[in-house]
Amino acid sequence: MKQVKVLGSGCSKCIKTAEIIAKVAAEVGAEVEVIKETDPEAIMNYGVMSTPAVVIDDQVVHSGSIPSQDAIRGWLKK
């Protein structure tokens with residue numbers, strides 16, 4: 001199971017990012033645990049300067065915008 005963290009303040013883009021990741025994971029049959037991380041210190045520990053950001057298995061794969069569904073599919077297949 002992949003651990004997917006959505007880093008952000010809890011803004012609408014961050015919430016939408018988490019929803020899209022869960023939706024795409026269900027479509028492709030990937031087992032994921034989606035965690036919303038809102039603690040500013042935890043976000044800074046990843047070196048992320050703009051949110052929403054996506055961390056998969058402790059590796060930052062995206063930041064600064066809502067990722068595309070195609071990008072999410074690619075991350076979940078790895």
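Residues numbered from 1 in each chain as written. Predicted model: local features only at pLDDT ≥ 70, side-chain atom pairs only at ≥ 80, totals over all residues. Heavy atoms only, no water.

Draft legend 1. How the structure looks around helix α1 (residues 12-28). In this model, α1 (17 residues) spans 24 Å end to end at C-alpha, consistent with the 24 Å of a helix rising 1.5 Å per residue. Looking at α1, one finds that the buried residues are C14, T17, A18, I20, I21, V24 and A25. All buried residues of α1 lie within an arc of 165° about the axis, which places them on one face of the element. Exposed residues on α1 whose side chains face more than 90 degrees from its buried face are S12 and A26. Along its buried surface, α1 packs onto β1 (2-7), β2 (32-37), β3 (53-56) and α3 (69-77). Following α1 by one or two positions, G29 has its phi on the positive side, about 75°. (Helix = DSSP H or I, 4+ residues; strand = E, 2+ residues; numbered from the N terminus. Expected span 1.5 Å × (residues − 1). Buried < 20%, exposed > 50% of the residue type's maximum accessible area, 1.4 Å probe, protein only. Arc of directions from axis to C-beta. Contact = heavy atoms within 4.5 Å.)

Draft legend 2. How the structure looks around the packing of α1 against α3. As a packed pair, α1 and α3 sit with axes 10 Å apart at the nearest point and diverge in direction by 60°. Between α1 and α3, the crossing angle belongs to the class labelled oblique. α3 is crossed by α1, and the crossing has right-handed handedness. Residue-level contacts link I20, I21, K23, V24, A25, E27 and V28 of α1 to Q69, I72, R73 and L76 of α3. Looking at side-chain class alone, the contact of α1 with α3 contains 7 nonpolar, 1 polar and 3 charged residues. (Axes fitted to C-alpha atoms, helices over the stretch in contact; angles between N-to-C directions. Parallel < 35°, antiparallel > 145°, perpendicular 65-115°, else oblique. Left-handed = near helix turned anticlockwise from the far one by under 90°. Nonpolar A, V, L, I, M, F, W, Y, C, P; charged D, E, K, R; others polar.)

Draft legend 3. Highlighting the pattern of salt bridges. Enumeration over the complete set of coordinates arrives at 3 salt bridges. Of the charged contacts, one joins K23 and E27 as a salt bridge, the two residues approaching to 3.6 Å between their closest N and O atoms. Remark: E27 and K23 occur in helix α1; sequence separation between them is 4 residues, near one turn of the helix. With a shortest N-O distance of 2.9 Å, R73 and D70 are connected by a salt bridge. Pair noted here: R73 and D70 are both in helix α3, with a separation of 3 residues, about one helical turn. (Salt bridge = Lys/Arg side-chain N within 4 Å of Asp/Glu carboxyl O.)

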